[in-house]
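Spelled out, the chains give:
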Amino acid sequence: MDSMDSTGDQELPLRERKKRETRQRISDLATVLIGERGFEAVTVAEIARAAGVSPMTVFNYFPRKEDLFLDRIPQAVDLFCAAVRDRAPGEPPLAALRRLALRLLEERHPLGGVGETFADFWRVVVASPALRARAREGVEEIERALTDALGEAGVADPALAAALTVAAYRTVFLASVRRLLAGDPVEEVARDHRGRLEAAFGALERAGVAG
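This section reports on the structure supplied with the text. Since the model is a prediction, treat every value here as computed from it, not as a measurement.

**Brief notes about the environment of Ala-119**
Then, number 1: Tracing the chain through its elements places Ala-119 in helix α7 (residues 118-127).
Then, number 2: For Ala-119, a relative accessible area of 14% corresponds to the buried category.
Then, number 3: Measuring from C-alpha to C-alpha, the distance between Ala-119 and Ala-161 comes to 30 Å, with 42 residues separating the pair along the chain.
Then, number 4: Apart from the residues lying within four places of it in its own chain, the contact partners of Ala-119 are Leu-180 and Leu-181.

Structure representation (structure tokens):
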């Protein structure tokens, strides 16, 4: 699944833009090949040949093969932490995280949980033990990073706040993924997803989590 957004890329130095373009090309080709044949059936060498680079170059951008497909994990870490660190003066961290979750849903961002093509992506993940394990590790990485961000924001128990927030988001996210895999209409899933997000963040707010 695409790992980078193009917004602001033109403002980057040429060298950095080329690196991002190379990373994106590798990721896009990996997504296509793995989507067609399954994660275990595609080798890093094949992906490298398709992208016109060496296997070493692939690993320079993606330390693990799983990261070629689950390439949004670093972006998820950045987005959740930035929501807390860059929030408006006086805005509670939880309110900033709620705003981020709703924006991702409205944009049909891959990290938002609901989109027209997401079912195919998640079928590949479900079919691969290695990808499922990496996805779980990714959630743990997000939780650790969010703990740090909430601690910097002065939240009393940042580890607990991060764990509860990530668990709430993950629960809503996975429920929507299951519905997409079952073939439910995307717009219906999106509407229910929004309602469940609002309910989840409302419960966190009432509990005084990262308020």
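**Topic: the pattern of salt bridges**
Then, number 1: Within the structure shown, the criterion is met by 18 salt bridges.
Then, number 2: Between Arg-85 and Glu-152 there is a salt bridge, with its nearest N and O atoms 2.8 Å apart. In this pair, Arg-85 is assigned in helix α5 (residues 73-85) and Glu-152 in helix α8 (residues 129-152), connecting sequence segments 67 residues apart.
Then, number 3: In this structure, the salt-bridge partner of Glu-187 is Arg-108, at a minimum N-O distance of 3.2 Å. Taken together, the residues span a long stretch of sequence, with Glu-187 in helix α10 (residues 186-206) and Arg-108 in the loop between α6 (93-106) and α7 at a distance of 79 residues.
Then, number 4: One network of salt bridges, with partners in common, ties together Arg-64, Glu-66, Asp-67, Arg-134, Glu-137 and Glu-141.

So, how was this worked out
Residues numbered from 1 in each chain as written. Predicted model: local features only at pLDDT ≥ 70, side-chain atom pairs only at ≥ 80, totals over all residues. Heavy atoms only, no water. Helix = DSSP H or I, 4+ residues; strand = E, 2+ residues; numbered from the N terminus. Buried < 20%, exposed > 50% of the residue type's maximum accessible area, 1.4 Å probe, protein only. Contact = heavy atoms within 4.5 Å. Salt bridge = Lys/Arg side-chain N within 4 Å of Asp/Glu carboxyl O.

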